[in-house]
Each structure stands twice: as C-alpha cells, then as structure tokens.
Amino acid sequence: MTAPRPPELLAPAGSLEMMRTAFAFGADAVYAGQPRYSLRVRNNSFGKLDVLAAGIDEAHAAGKQFYLVANIYPHNSKIRTFEQDMAPVIAMKPDALIMADPGLMMMVRERWPEVDIHLSVQANTTNYASVRFWQSMGVKRIILSRELSLDEVADIRNACPEMELEVFIHGALCIAYSGRCLLSGYFNHRDPNQGSCTNSCRWDYKMHEGAENGAGDIQTCSDSPALGNPRDFGTVGTALGGGPRHHQANRVWLLEEGSRPGELMPIEEDEHGTYIMNSRDLRAVEHVQRLVDIGVDSLKIEGRTKSPYYVARTSQSYRRAIDDAVAGRPFDLQLLSELEGLANRGYTDGFYQRHHTPEHQNYLRGHSESGRSLLIGEMLGFDSARGLAEIEVKNRFALGDMLEFIQPSGNFSSRCERIEDAEGGALECVPGSGRRVWLALPQGAAAHAPCFVSRFI
C-alpha cells in the first residue's frame, strides 16, 4: 500500500510575523483577511497593501501558499466598492480567495475568471449535494461546516472525489451556526458577519437566580436602560422546538456580564441547553489520522487575532500529527499536553465524534493535564560572548523552574539556573511582562529566533 497523501496544514496570519512563524513551524499555507471584506477587521496588518504584497511575495518565494479571505455577506455599500478595492489586491496574485457570498463570487468570476475561489465555512456546507452545486459554479475548494462528524466528512469525500475539501482542526468555536451570531450586534452594534465581532460569547458572565415564574412573564432584578426592557430580550439562547423541559424551566435565570454590573439579562434553558454561554475551543489533533485516511485536502487552524506563540505551538503540533499519520506512526499523546499550554477555555473535539466513552474522556483529559506549560517569553537575540539569549518576558518565572524552549528544529527543556538583567545582575525571579532578561539556552537549542520559552506548571 502507498502512504496516504499528506494534507495541507493551513495556519492563520494576522501579520507578517505570524506568517513567518507559521511557516517556520511547519505550515504549508496561511490565510489572511482583507479587512473590509472579511470577518477579521481588527488585529489585521494586511489591510495595508504594501504589507499584503510583501506577505504574498514572501510566501511564494518560500514555496508556500497565501489565501486571502473575503467572506462577508455584504450590504449594498460594500458591493459598490468591491471591484475597485479588490483590483490591486488580486493583482498581487494570492493563491485563492476565500468567499461566501454568491454575489461577490459572481463578480469575481466575471472580472477575474482565472482566480481560484475557496468556499468559506460561512456558507455552511453540510452535504455532498451542496458540494456538487458549488463545484458546478467553478469553486475549487469547499471549507466544510464545523457541524459535521467524521463519518459525514467521509461521506462527502466519497461522493465528491474530485473536489478539494478543507476542515477546521483547532481554534475558537462560535456558539452560533458557523459564525451566524447576533450577540455582538446586540451588545455593541458591531455585526459579526461584517467582520467586527467583539466575541461577546467569550466575556465573563455570572448566573443569578430570579423569581419563580408561573405565568410565563420574565421577571428580573433590574430593568436595564442600556438593554431596554428585559422582555424585549426575550429568550435569547433558547433553542426552538418542543420536547421535555428541565425541571427548573419555570424559574427565571439572569445573566450578568462582567463589565455591566447590575444589568441582569434573562435567559432560558430547554432540553438542548443554553447557547448564550461561551463554547470550549476546538482541538482535534487526535483525529488527524482519520482525516488523513479520509483524504481531506487541508487541515485549518483558526486564530488570525492570536499571538505568534499560538501559531508556533499549533503549527508545530499539527505538523507532527500529520507527519506521523502519513508515516503510519501511532498518535503521540504528548501533543495533547503541548496544546494544553495554550490559552484556552477548555477543549472539545466539536462535532467530529458525538459520543465519547468515559474511558476515552479520561484518557484525553489525563494526558492533556500532565505537562502543561505557560508562555514566559520570546527570544530576541543571542550574545555569543556571554553565551546567553535575550528574552522578552511575557509572564512570571523564577530560578528552579523547568523551562521549555520551542523552536522549529525541535523543543528543548532545562532547569532555569541563571537569570541576568540587562546590566548583567543576577535575578532570582522575574515578576512579569515588560522586561528583558538573559537566559542560558539548553544543550542542542539553536541560538537564533524564532524561539519561544514556556514554563511547565
């Protein structure tokens, strides 16, 4: 038997630094948002044409791919400016446009028929009939909906063998159906599907118990003027449909967001749960082998607004998972722990596998929580005369801590036995960010960037 074809590892890039880090740590391609026409307006340096041109040229020089995201569902004002704004961008020759709106796709097809189009996850493609439709429209790749199981992905691959398929394997999950959320627009008048989502689902919420409600009216402790009459809020987060209700369904529960003390918002819960609360983050590294076997063409990491460390850690871990899967090596449990070191709100494998056995859940959890780490700094340079690396500090660490140095060539661990300040003075503890210190590199580590340093916790 021949080895399976390795899928593309696709990483996010909100800046040139993120792009370079992604490539250094194993990504085959990156995607970046065109701010006015994508779902990432903020934290995106590629809105500047010279930066975008530099990114595309640099990616191509390295033999990598650069995809540009233009996946909003635009209102008329953006339709009028689309072709004018995109003309200089398309002249830079990105490898594909990631799009969702049929009208914008039609405009691209008519003016730039040579440009490849990848259908965004925003289009919610959940079945092979839709894949065949978009294939007939000239779309080159389908980014499948996050709401699919592994078996459903396999069914689509079998039914559509000639279409390129892409799936998400890591990153934030939206509480709405593939991003179709109203919370940000409600709280901040910033429309998620116009690219300005404030991630309202991920804010700090607290639950309060309200009065018993036998008549069906919403009762709250406060009628907030900022939110209007609470009755107008209705049953935000409640799934539609009948069926048996929770035994406390007649009791009103109130939600308080951290920056709005005293503004209590009513919510309800049915047999499916309450959807206003934050979702766990997607981590599907344990499913890479199955996705490779299915024949998925691209595995995608979410996170264009994340840090270079996030891109380094995820790209490195999923690169190893892909290479192991293609080579027929067993899954490395250490990858679970490495990804646990990233900031996250708990991990889930989403819809890929609907029902885990308790044994499987404990297996994943136990290996995730052992060997956890926290980013403590990034290497800026190396002083060969002193044999020390200059570190820009991000979080607290001290003598005696076990540190991990994360590099494209591999990761190296050592006990922290020497810390010096800028003047060469000895330090026992570095209290937090905003400082630069000097550390000895462990044996085998490369004396050059990119290099991130984490502390085992």
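Since the model is a prediction, treat every value here as computed from it, not as a measurement. (Residues numbered from 1 in each chain as written. Predicted model: local features only at pLDDT ≥ 70, side-chain atom pairs only at ≥ 80, totals over all residues. Heavy atoms only, no water.)

For the rest of this paragraph, the subject is the packing of aromatic side chains. Enumeration over the complete set of coordinates arrives at 5 aromatic pairs. Each ring, one from Tyr309 and one from Phe452, has its centre 5.7 Å from the other, and the planes form 55°; the classification is tilted. Taken as a pair, Tyr309 in helix 10 (residues 308-327) and Phe452 in strand 22 (residues 452-456) lie far apart in primary sequence, 143 residues in all. Residue class for Tyr309 comes out buried when judged on its relative accessible area of 6%. Here the aromatic residues Phe25, Tyr309 and Phe452 are joined through ring pairs into a cluster of three or more. Here Arg146 stacks its cationic end above the ring of Phe168, 3.9 Å away from the centre of that ring. Sitting over the ring of Tyr31, Lys300 keeps its end group 4.4 Å from the ring centre. (Phe/Tyr/Trp six-rings, centres within 6.5 Å; stacked < 30°, edge-to-face > 60°. Helix = DSSP H or I, 4+ residues; strand = E, 2+ residues; numbered from the N terminus. Buried < 20%, exposed > 50% of the residue type's maximum accessible area, 1.4 Å probe, protein only. Lys NZ or Arg CZ within 6 Å of the ring centre and 35° of its normal.)

In this section: the pairing of strand 7 (residues 164-171). Of all 8 residues in strand 7, 7 are buried, a share of seventy percent or more. Bridge analysis of strand 6 (residues 141-143) against strand 7 gives 3 bridges, and the strand direction is parallel. Bridging from a neighbouring strand, Ile142 pairs with Leu165 of strand 7. Assessed by its sense of winding, the connection that carries the chain from strand 6 through helix 6 (residues 150-159) to strand 7 is right-handed. Looking at chain direction, strand 7 and strand 12 (residues 298-301) are connected through 4 bridges and run parallel. (Pairing = 2+ DSSP bridges. Right-handed = clockwise from strand over helix to strand, strands pointing away.)

With that settled, the discussion passes to the pattern of salt bridges. The tally for this structure, following the rule as stated, stands at 22 salt bridges. The partner of Glu338 in a salt bridge is Arg320, and the shortest N-O contact between them spans 2.9 Å. One end of the pair, Glu338, is in helix 11 (residues 334-340); the other, Arg320, is in helix 10, with 18 residues separating them in the sequence. Residue classification places Arg320 among the partly exposed positions, given a relative accessible area of 26%. (Salt bridge = Lys/Arg side-chain N within 4 Å of Asp/Glu carboxyl O.)

A few words on unusual backbone geometry. Residue Ala449 is joined to Pro450 through a cis peptide bond whose omega torsion reads 0°. Mapped onto the elements of the fold, Pro450 is located in the loop between strand 21 (436-439) and strand 22. In this structure, Lys93 is a non-glycine residue whose phi angle is positive, near 65°. Relative to the elements of secondary structure, Lys93 occurs in the loop between helix 3 (76-90) and strand 4 (96-99). For Lys93, a relative accessible area of 60% translates into the label exposed. Here Asn124, not a glycine, exhibits a phi torsion of approximately 60°, which is positive. Tracing the sequence through the fold places Asn124 in the loop between strand 5 (117-119) and helix 5 (128-136).

Next up on the list: helix 5. Its side-chain oxygen 3.1 Å from the backbone nitrogen of Ala129, Asn127 forms the N-cap of helix 5. One or two residues past the end of helix 5 sits Gly138, with phi positive at roughly 90°. (Polar contact = N/O pair within 3.5 Å; in protein donor to acceptor, adjacent residues only side chain to side chain.)

Now for the packing of helix 1 (residues 16-24) against helix 10. Two numbers describe how helix 1 lies on helix 10: the axes approach to 8 Å, and their chain directions differ by 20°. For the element pair helix 1 / helix 10, the angle class is roughly parallel. In terms of crossing hand, the pair formed by helix 1 and helix 10 is right-handed. Residues Glu17, Met18, Thr21 and Ala22 of helix 1 form the contact with helix 10, whose participating residues are Pro308, Val311, Ala312 and Ser315. (Axes fitted to C-alpha atoms, helices over the stretch in contact; angles between N-to-C directions. Parallel < 35°, antiparallel > 145°, perpendicular 65-115°, else oblique. Left-handed = near helix turned anticlockwise from the far one by under 90°. Contact = heavy atoms within 4.5 Å.)

What follows covers empty space enclosed by the protein. Space left empty within the atom packing is revealed by a probe, the size of a water molecule, rolled over the atoms. Scanning the model with the defined rule gives 2 cavities of 30 Å³ or more in all. Computed from the structure, the second largest cavity encloses a volume of approximately 30 Å³. A class-by-class count of the residues in the lining of the second largest cavity yields 5 nonpolar, 1 polar and 1 charged. (1 Å grid on protein atoms, 1.4 Å probe; cavity = no way out; pocket = protein on both sides within 12 Å on 5 of 7 lines; lining within 4 Å. Points joined across faces, edges and corners; volume = space filled by probe spheres on them. Nonpolar A, V, L, I, M, F, W, Y, C, P; charged D, E, K, R; others polar.)

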